[in-house]
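# Coordinate inspection notes
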Amino acid sequence: MTTRPVIGISTHLTEATWDSWDRQRAVLLSARYPAIVQAAGGIAFLLPPDAPQRAPEALTRLDALVVSGGPDLHPAYYDAEPHPRTRAVTPERDAWELALLRAALATGLPLLGICRGMQLLNVALGGTLIQHLEQGEAHLGSSKGYGRHAVRPVAGTLLAGLLPEPEVSVPTYHHQAVDRLGAGLTVSAYAEDGTVEAVEGGGFTLGVQWHPEQGEDLRVLQALVGAAVVARAQERSADLLPVLE
């Protein structure tokens, strides 16, 4: 029987209230993240913040990585002073997710960065961020939740192969964006106003500025799960070679 690939998803570290517990320190994540991984054919494992040096070991248990959305990355990571609108409140999460991304990039583990996750991917590779989109109404959504706008995949990219339409309407909620591109990354989608909406690197390394877990389109997550299956099969074949020889 073919086993489904294990997809790790990073989580929030915050205060939360539930049942009779008021403002407890909590690890949490919208249920939509594991749900879309499961719908795409994977097994979802949640990755709470841990010591950064443990990231390589954690990834040995996974077939792919998703770095989820959340609050702003501290601008010290890209040598910038905080903008008045920057909300960098999770230093443990910042350090952990950057370590996860760097370990995944070093080993070629298939990875997907969603919103904040895409921004961290860019910074992990030496890029910088726009800390606040001054004309960002289309990107930020509203007080009622996520907005929607069109993105335009760039021809010839991995993303364009997954989303071949000239334009795709996506769920969105962000006020920051990629500025200077990280080393080895290519822009693979833009918004109508020129905001970078997706980046990609070697192998299956993809970041999307929108929130696929808030929609019904499974194609990006299905591609990640497919890449995880292929990578696991290749790893097992490599492990068998010494035996066969």
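Quick note: structure is the one above.
Residues numbered from 1 in each chain as written. Predicted model: local features only at pLDDT ≥ 70, side-chain atom pairs only at ≥ 80, totals over all residues. Heavy atoms only, no water.

## Looking at the layout of surface pockets
In this approach the atoms are scanned with a rolling probe the size of a water molecule, which exposes any empty space left behind. For the largest pocket, the calculated volume is near 650 Å³. Forming the walls of the largest pocket are 29 residues, and the residues nearest its centre are Gly70, Pro71, Asp72, Arg87 and Tyr173. Contributing elements (two or more residues each) for the lining of the largest pocket: β2 (12-18) and α4 (116-124). Along the lines of polarity and charge, the residues of the lining of the largest pocket split into 8 nonpolar, 13 polar and 8 charged. Considered as a void within the structure, the second largest pocket measures approximately 310 Å³ in volume. Along the wall of the second largest pocket there are 14 residues; nearest its centre are Leu59, Leu62, Thr107, Leu109 and Glu235. Listing elements by their share of the lining of the second largest pocket, those giving two or more residues are α2 (55-59), α3 (91-107) and α7 (219-244). Here the element with the most residues in the lining of the second largest pocket is α7; it accounts for 4 residues. Partitioning the lining of the second largest pocket into residue classes produces 7 nonpolar, 4 polar and 3 charged. (1 Å grid on protein atoms, 1.4 Å probe; cavity = no way out; pocket = protein on both sides within 12 Å on 5 of 7 lines; lining within 4 Å. Points joined across faces, edges and corners; volume = space filled by probe spheres on them. Helix = DSSP H or I, 4+ residues; strand = E, 2+ residues; numbered from the N terminus. Nonpolar A, V, L, I, M, F, W, Y, C, P; charged D, E, K, R; others polar.)

## A closer look at the sheet that holds strand β8 (residues 147-153)
Strand pairs in the sheet, formed through backbone hydrogen bonds, run parallel or antiparallel to each other. Strand order in this open sheet of 9 strands is β4-β1-β5-β6-β13-β12-β11-β8-β9, and the pairing throughout is mixed. Each end of this open sheet is capped by a strand with a single partner; those strands are β4 (43-47) and β9 (168-172). For this sheet the average axis-to-axis angle between neighbouring strands, irrespective of direction, equals 25 degrees. Judged from the 4 bridges that link them, strand β6 (residues 111-114) and strand β13 (residues 205-208) form a sheet pairing that is parallel. Its bridge partner lying in β13, Ile114 is registered against Val208. The sheet contacts of α3 involve β1 (6-10), β4, β5 (64-67), β6 and β13, and relative to β5 the element is tilted by about 145 degrees. (Pairing = 2+ DSSP bridges. Axes fitted to C-alpha atoms, helices over the stretch in contact; angles between N-to-C directions. Contact = heavy atoms within 4.5 Å.)

## A closer look at the side chain of Thr172
Residue position: Thr172 is located in strand β9. Judged by relative accessible area, Thr172 falls into the buried class, the value being 0%. A polar side-chain atom of Thr172 sits 2.8 Å from the main-chain carbonyl oxygen of His139. With sequence-adjacent residues up to four places away left out, Thr172 is seen in contact with Ala138, His139, Leu140, Gly141, Tyr146, Gly147, Arg148 and His149. (Buried < 20%, exposed > 50% of the residue type's maximum accessible area, 1.4 Å probe, protein only. Polar contact = N/O pair within 3.5 Å; in protein donor to acceptor, adjacent residues only side chain to side chain.)

## Regarding the pairing of β5
Consecutive residues of a regular strand have side chains that alternate between opposite faces of the sheet. Neither face of β5 is open: one carries Ala64 and Val66, the other Leu65 and Val67, and all of them are buried. Pairing of β1 with β5, which is carried by 3 bridges, proceeds in the parallel orientation. Across the sheet, the residue bridging to Gly8 is Leu65, located in β5. Where β5 lies against β6, 3 bridges are found, and the strand directions are parallel. Paired with Val66 across the two strands is Leu112, which belongs to β6. With respect to chirality, the unit in which β5 leads through α3 into the neighbouring parallel β6 is right-handed. (Right-handed = clockwise from strand over helix to strand, strands pointing away.)

## Some thoughts on α3
For α3, built from 17 residues, the straight-helix expectation of 24 Å at 1.5 Å per residue is met to within 8% by its first-to-last C-alpha distance of 25 Å. Within α3, burial applies to Arg93, Asp94, Trp96, Glu97, Leu98, Ala99, Leu100, Leu101, Ala103 and Ala104. Positive backbone phi, at 80 degrees, marks Gly108, one or two positions downstream of α3. (Expected span 1.5 Å × (residues − 1).)

## Description of the pattern of salt bridges
What the rule picks out here adds up to 12 salt bridges. The shortest N-O distance in the salt bridge between Arg232 and Asp63 comes to 3.4 Å. With Arg232 in helix α7 and Asp63 in the loop between α2 and β5, this pair connects stretches of sequence that are 169 residues apart. Of the two residues, Arg232 and Asp63, neither departs from the other in class, the shared state being buried. The partner of Glu167 in a salt bridge is Arg152, and the shortest N-O contact between them spans 2.8 Å. Of this pair, Glu167 sits in the loop between α6 (158-162) and β9 while Arg152 sits in strand β8, and the two are 15 residues apart along the sequence. Overall, Arg152 belongs to the partly exposed group, its relative accessible area being 38%. It is possible to trace a salt-bridge network through shared partners that takes in Arg93, Asp94, Glu97 and Arg116. (Salt bridge = Lys/Arg side-chain N within 4 Å of Asp/Glu carboxyl O.)

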